[in-house]
Amino acid sequence: MGILGSPQLREESLAIFVDRTPPLAQTLLMMSRDQALTPFGSIGNLCLDRKNVVFVGAPERSDASGQALFTVVRGPEVMIALGGGSTWFAQALYRDGAQMKLSSAITFTLKP
């Protein structure tokens with residue numbers, strides 16, 4: 001996982017990419033302002049506070065190389081109420097065959 005664009009909100013360009021999923025996997029991005037560690041068996045560990053999870057946009061299908069891209073901020077359109085100076089944690093849930101799995105997580109701080 002990683003960030004494309006800028007964490008500067010005034011630049012209005014922020015996307016999060018999820019990599020290392022199977023090709024063409026259904027992928028869902030989740031974000032939270034709080035971090036937690038909750039084991040979910042074979043699915044993996046949820047690294048977000050599950051009481052405060054925000055689902056970002058619609059599910060995306062990863063490309064042939066196993067990467068999915070989620071636009072968080074584009075122009076004046078803001079997918080979620082971010083807030084300058086706030087720290088966010090992001091993680092993805094994706095399908096691997098018949099199973100669901102959790103990606104690694106990232107954290108980033110937005111600047112006004």
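We now turn to the structure provided with this report.

Thresholds, definitions, all that
Residues numbered from 1 in each chain as written. Predicted model: local features only at pLDDT ≥ 70, side-chain atom pairs only at ≥ 80, totals over all residues. Heavy atoms only, no water. Helix = DSSP H or I, 4+ residues; strand = E, 2+ residues; numbered from the N terminus. Rg over C-alpha atoms; globule rule 2.2 N^0.38 Å. Buried < 20%, exposed > 50% of the residue type's maximum accessible area, 1.4 Å probe, protein only. Contact = heavy atoms within 4.5 Å. Areas by Shrake-Rupley, 256 points an atom, 1.4 Å probe, with all protein chains shown as cover. Lys, Arg positive; Asp, Glu negative; His and termini not counted. Charge placed at Lys NZ, Arg CZ, Asp CG, Glu CD. Polar contact = N/O pair within 3.5 Å; in protein donor to acceptor, adjacent residues only side chain to side chain. Core = buried A, V, L, I, M, F, W, Y, C linked by side-chain atoms within 4.5 Å.

**A word on the overall build of the chain**
A tally of helices and strands in the chain yields zero helices and 10 strands. Put simply, the chain runs from its N terminus to its C terminus through helices and strands in the order β-β-β-β-β-β-β-β-β-β. By the compact-globule yardstick of 13 Å for 112 residues, the chain fits well, its C-alpha radius of gyration being 14 Å. Reported as C-alpha extents along the three principal axes, the dimensions of the chain are approximately 40 × 30 × 20 Å. Relative to its full complement of 112 residues, the chain shows a buried share of 37%. The long-range share in the chain, meaning contacts at least 24 apart out of those at least 6 apart in sequence, stands at 62%. Per element, the accessible surface of the chain, about 6100 Å² overall, is 53% carbon and sulfur. A gap of 5 Å separates the mean positions of the 10 positive and 9 negative side-chain charges of the chain.

**Points about the side chain of Gln91**
When you line up the elements, Gln91 lands in strand β9 (residues 87-96). Residue Gln91 is classed as buried on the basis of its relative accessible area, which comes to 0%. Engagement of the side chain of Gln91 in a polar contact is seen with the backbone oxygen of Asn45, the distance being 2.9 Å. From its side chain, Gln91 meets the backbone oxygen of Ser103 in a polar contact 2.8 Å long. Beyond its immediate chain neighbours, meaning those up to four positions away, Gln91 contacts Met1, Leu28, Leu29, Met30, Asn45, Leu46, Cys47, Leu48, Leu102, Ser103, Ser104 and Ala105.

**Some details on the nonpolar core**
Met1, Ile16, Leu29, Met31, Val72, Ala90 and Phe108 are the most contacted members of the largest nonpolar core, which has 17 residues in total. The dominant element in this core, judged by the number of residues it contributes, is strand β7 (residues 68-74), at four residues. The next biggest cluster of nonpolar side chains, apart from the first, holds five residues, and it includes Met30, Leu46, Leu48 and Leu102.

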